[in-house]
Every structure is written in C-alpha cells, then in structure tokens.
Amino acid sequence: GRQFGFRSLEALSQQVADRAKQGSTSSRHVAVVLFMLANLGHLPSYEVLQTMAAALRRDMTSLPPQHLTNALWSLARMNRPPADPAWLPEARDALCVHLEAGDLAPYQMAFAFGALQKLGCSLDRDFIDKLLEGVRAQL
C-alpha cells in the first residue's frame, strides 16, 4: 500500500476486523471501510482481509447492492479473493437476486461482473444472461 497514513489505515483495518469478529459492527460498515481502503491503495494483512470477508458473508443476502458491488470491487482492486471457497458463489447468487429485482444500476453491474471475473468466480451462462437482461432493462 501507499505510505500515506499507513499506520492509521492499518489501525483502522484491525479495529474493524476485531469488531467484525465480535459481531459488534455491521457488514455495511465493513463494506464501506473496505471500499475506502481499496480507494486509498491500502492492502490490509491477509488475516484482517479474511476476517472482513467473513463478516460480509454472514450478511451477504441482505447487503444492499451498493455495498455488495463496492465490496467485490474492493477485493478485486486489492487482488485478494476471499479464502472461503463458498464466498464468491454466494456473492454471485446475491447479485442475481439484485439483478432480478432490478436493484442494480448499470455501473454496479459492470463493476460486479468485472470484479467477479478478476476474483476467479465461475460465471455460468445463466448469470451472464441475467446480467445482460439487467443491462437491457436499464436502456
């Protein structure tokens, strides 16, 4: 990561991970902090990042589309797929629910699709069809 505020960013990362592990912070807060860290070019430690990912997974189906797509984009920007093999397929499935409900803006669809690809998620024909239908519906 960049040297700008490294200690402060590392301390924030650890604090959010600790609170996430205890269940004393929301998954939305975790997603926002993860997005901020990625935008600042800060790469938290592997353990901290995996703790944050686990916290997001607990509420994956209830995360608002903005938080879910931002979390995916953040992990892709950091080039750090979650270690849990169920995480990416569950994120993809949660995105499908948002796609079918028409909850995703076109830029969110693009970010999510690119992030899932970069993170190595299997994207089947059904998902691609839902994504394209979501884009068509926005035209």
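Calculation criteria
- Residues numbered from 1 in each chain as written.
- Predicted model: local features only at pLDDT ≥ 70, side-chain atom pairs only at ≥ 80, totals over all residues.
- Heavy atoms only, no water.
- Helix = DSSP H or I, 4+ residues; strand = E, 2+ residues; numbered from the N terminus.
- Contact = heavy atoms within 4.5 Å.
- Salt bridge = Lys/Arg side-chain N within 4 Å of Asp/Glu carboxyl O.
- Buried < 20%, exposed > 50% of the residue type's maximum accessible area, 1.4 Å probe, protein only.
- Core = buried A, V, L, I, M, F, W, Y, C linked by side-chain atoms within 4.5 Å.
- Expected span 1.5 Å × (residues − 1).
- Arc of directions from axis to C-beta.

### A look at the side chain of histidine 67
1) Next: If you trace the backbone, histidine 67 turns up in helix α4 (residues 65-78).
2) Next: Once you skip the residues sitting within four places of it in the chain, histidine 67 turns out to touch Arg28, Ala31 and Val32.

### Here we look at the pattern of salt bridges
1) Next: Counted under the stated rule, the structure contains seven salt bridges.
2) Next: A salt bridge links lysine 21 to glutamate 47; the shortest N-O distance between them is 4.0 Å. With lysine 21 in helix α1 (residues 6-22) and glutamate 47 in helix α3 (residues 46-58), the pair connects residues that are 26 residues apart, well separated along the chain. Assigned by exposure class, lysine 21 and glutamate 47 land together as exposed.
3) Next: One salt bridge in this structure joins glutamate 90 and arginine 57, with 2.6 Å as the shortest N-O distance. Separated by 33 residues along the polypeptide, glutamate 90 in helix α5 (residues 87-101) and arginine 57 in helix α3 bring together distant segments of the chain.
4) Next: Judged by relative accessible area, arginine 57 falls into the partly exposed class, the value being 28%.
5) Next: A single salt-bridge network, built from bridges that share partners, covers Arg57, Asp84 and Glu90.

### Focus on the nonpolar core
1) Next: Core analysis: the largest hydrophobic core is formed by 41 residues, its most contacted members being Leu34, Met52, Leu56, Leu68, Leu72, Trp87 and Leu95.
2) Next: Only α1, α2 (27-39), α3, α4, α5, α6 (106-119) and α7 (125-138) provide two or more residues apiece to this core.
3) Next: Beyond its immediate stretch of four places on either side in the chain, tryptophan 87 contacts Ala53, Leu56, Arg57, Met60, Leu72, Leu75 and Pro82.

### Here we look at α7
1) Next: Its 14 residues place the ends of α7 20 Å apart at the C-alpha level, agreeing with the 20 Å of an ideal helix rising 1.5 Å per residue.
2) Next: Three or more residues of α7 are buried, namely Phe127, Leu131 and Gly134. Relative to the axis of α7, the buried residues are bounded by an arc of 60 degrees and lie together on one face. Facing away from the buried surface of α7 by more than 90 degrees, the exposed residues are Arg125 and Ala137.

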